[in-house]
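What the coordinates show
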Amino acid sequence: MPSNKLIRRALAGAAAAALLAGCAAVGPDYARPDAPKAQTYAMAGETAPAEIRLADAGPGPWWNALGSPALDAVIRQALADSPTLAEADATLAQSRAALAQARGAALPQADANAGVERERVNLQAFGFTGFGDVTLSNPTFSLYSVGGGVGYDLDLFGGQRRRIEGAAARVEAQARRADAAYLTLTANVALQAVTIATLNAQIAETQAMIAADEDSLAMVRRAAELGGSASTDRIAAAAQLEDDRTLLPPLKAELAAARHALAELVGRAPADWTPPDFALDGFKLAGPAPVSLPSSLVRRRPDILAAEADLHAATADIGVATADLYPDIRLSASITQGALKPGELFTYDASGWDLGGGLTAPLFHGGELRARRQGAVDAAKAANARYQQTVLKAFVEVADALQALTADDESLAAHDRAQAHADERVRLAKAGYGIGGVAMLDVLDAQRRAHDLRAKAVRAQGQRLADVVRLIAASGADWRTAPAAAD
């Protein structure tokens, strides 16, 4: 067995290793980028939108603010079945496994071994041929062995610690990308639901216009029977009817495409799932929509947080490459029990052991190590540039959504005023046609104008609802407050 002196030396070496492991790691320490000092998203001269009203959802996922139980059910299903989220979760698990691997590599490594060998020794190879007239024969025997070894890298300059730091940052980056995938999915589901609702409203409005055209044609025919209408009026009314009927097929095709796209987001084939018939009045918006300051946005939006974690990982990689420029010391110890007979395997005389340490120092690598460090420095600069670009993109998206909502409010107000005038024009035109003072073409033109305005108003309502969703997504809504997916 090892002597007390050797044991004390081993303990002293372990203590020294622990002390050295506590030394600071080489390379730059990561510093989180400063939050922007900007207090607004608007460009000089731009106006902020009127107060955005959202549902008083209380605690829960962000889409509760849209006040649609049907949307909530669809998003729950998408969260449960989407392949996109399954991929994000699996990639996150992979990065966590890489972190565990890096942490394990920094701990002492221990291995056990055992073996049995059957050998025949060639004595003549060592010059033993015999004694006098006695010729030696080569002996055959079995050798049994069992033992183990342990090794530990002192990590003098923190290369292993920087690897762990980088792996942890990559886990953080992937977790934030998973957050972004969830936010993007839920926002896209909401946008498709709004698209379906808008198309349903446009189809209903077009069908109402077709019904009005049919009434106009019937009115012309009755007037013709009484001798008060020209054939040109009947032709014009019939042409208008058929013209409006041509508007339906494209809208129905768009609706089918939107429904199919929603099925894909939910993770189902179109033949296996049918979405709800969303309607614009099924979304209930009430209460103010919070818009965080730029300084808060960079601390909550997942794509910004992912870019920041990538920068952290790239900074840690500089430390890894820097540590490779310096010497490395590795401690090792092993013990082996070997005997010709199994029964003698664990006796003291069958034991052998060793304690040692080895130093490896780079002398000449043709500039490879310094080039690797410089590459890590350049990669960190690129990661910082990507972070800054991600922040700029986020600010632009929020600014775009805010200005879009401003335009939506102005557009809806203008449509309300125009619609009132158009409806009054239709009423007067029909009244004038009834007494023979207005031509049928004037009636049809008034109806067409009123229909166009109603169709545009429907699209404007849908656009505003979609812009509300885009604003919530751009502001980094926290999807993680979502309830568990339904079975």
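Remember, predicted model here, so these are calculated numbers, not experimental data.

Criteria and thresholds
- Residues numbered from 1 in each chain as written.
- Predicted model: local features only at pLDDT ≥ 70, side-chain atom pairs only at ≥ 80, totals over all residues.
- Heavy atoms only, no water.
- Helix = DSSP H or I, 4+ residues; strand = E, 2+ residues; numbered from the N terminus.
- Buried < 20%, exposed > 50% of the residue type's maximum accessible area, 1.4 Å probe, protein only.
- Contact = heavy atoms within 4.5 Å.
- Areas by Shrake-Rupley, 256 points an atom, 1.4 Å probe, with all protein chains shown as cover.
- Phe/Tyr/Trp six-rings, centres within 6.5 Å; stacked < 30°, edge-to-face > 60°.
- Core = buried A, V, L, I, M, F, W, Y, C linked by side-chain atoms within 4.5 Å.
- Pairing = 2+ DSSP bridges.
- pLDDT = per-residue confidence, 0-100.
- Axes fitted to C-alpha atoms, helices over the stretch in contact; angles between N-to-C directions.
- Parallel < 35°, antiparallel > 145°, perpendicular 65-115°, else oblique.
- Left-handed = near helix turned anticlockwise from the far one by under 90°.
- Salt bridge = Lys/Arg side-chain N within 4 Å of Asp/Glu carboxyl O.

**Section: the overall build of the protein chain**
The secondary structure content of the protein chain amounts to ten helices and six strands. In the protein chain, which comprises 487 residues, the proportion classed as buried is 37%. In the protein chain, of all internal contacts separated by at least 6 residues, the share reaching a separation of at least 24 is 84%. Approximately 26,400 Å² of the protein chain is accessible, and the part contributed by carbon and sulfur atoms is 57%.

**Re the environment of Ala455**
Among the secondary structure elements, Ala455 is positioned in helix H10 (residues 440-474). Taking the C-alpha atoms as reference points, Ala455 and Ile203, separated by 252 residues in sequence, lie 9.1 Å from one another.

**Focus: the packing of aromatic side chains**
All chains considered together, the criterion is met by three aromatic pairs. Summarising the aromatic geometry, the rings of Phe157 and Tyr326 are spaced 4.6 Å apart at their centres and angled 25° between planes, so their arrangement reads as stacked. Of this pair, Phe157 sits in the loop between strand S4 (140-153) and helix H4 (159-225) while Tyr326 is found in the loop between helix H8 (302-323) and strand S5 (328-339), placing the two residues 169 residues apart along the sequence. Judged by its relative accessible area of 26%, Phe157 falls in the partly exposed class.

**Looking at unusual backbone geometry**
Positive phi outside glycine occurs at Asp155, with the angle close to 50°. Given the relative accessible area of 10%, Asp155 is considered buried.

**A look at the nonpolar core**
The biggest cluster of nonpolar side chains holds 77 residues, and the ones touching the most others in it are Trp62, Leu66, Leu71, Val189, Phe278 and Phe283. Mapped onto this core, the elements with two or more residues apiece are helix H2 (69-81), helix H3 (83-105), H4, helix H5 (231-245), helix H6 (248-266), H8, helix H9 (368-434) and H10. Here the element with the most residues in this core is H4; it accounts for 18 residues. Grouped together as the second largest cluster of nonpolar side chains are eight residues, Ile318, Ala321, Val377 and Ala383 included.

**So, the pairing of S5**
Pairing analysis gives ten bridges linking S4 to S5, with the strands arranged antiparallel. Residue pairing across strands places Gly148 opposite Ile335, the latter belonging to S5. Pairing geometry for S5 and strand S6 (residues 351-360), over ten bridges, is antiparallel. When the bridges of S6 are listed, Ala333 appears paired with Leu355.

**With respect to the confidence of the model for the protein chain**
Across the protein chain, pLDDT averages 84, with 87% of residues at or above 70. Scored below 50 in pLDDT, residues 6-12 makes four contacts in the model with residues more than four places away or belonging to other chains. Below a pLDDT of 50 lies the segment residues 482-487, which in the model reaches nine contacts outside its immediate sequence neighbourhood of four places, other chains included.

**Describing the sheet that holds S4**
Each strand in a sheet pairs with its neighbour through backbone hydrogen bonds, running either in the same direction (parallel) or in the opposite one (antiparallel). With antiparallel pairing, four strands are arranged side by side in an open sheet as S1-S4-S5-S6. Each edge of the open sheet is held by one strand with a lone partner, namely strand S1 (109-120) and S6. Sheet twist, expressed as the average angle between the axes of neighbouring strands with direction ignored, equals 20°.

**Re the packing of H5 against H10**
Running from amino to carboxyl end, H5 crosses H10 at an angle of 20°, the nearest separation of the two axes being 9 Å. Considered as vectors, H5 and H10 are oriented roughly parallel to each other. The two elements H5 and H10 meet at a crossing, and its hand is right-handed. For the pair H5 and H10, contact is made by Asp233, Ala236, Ala237, Gln240, Asp243 and Asp244 and by Met440, Leu441, Leu444 and Arg448, respectively.

**Considerations on the pattern of salt bridges**
Summed over all chains, the structure comprises 27 salt bridges. Salt-bridge contacts for Arg448 lead to Asp244; the nearest nitrogen and oxygen are separated by 2.5 Å. You can see Arg448 sitting in helix H10 and its partner Asp244 sitting in helix H5, a full 204 residues away along the chain. The same class applies to Arg448 as to Asp244, namely buried. Taken together, the shared-partner salt bridges in this structure form one network comprising Arg163, Asp324, Glu368 and Arg372.

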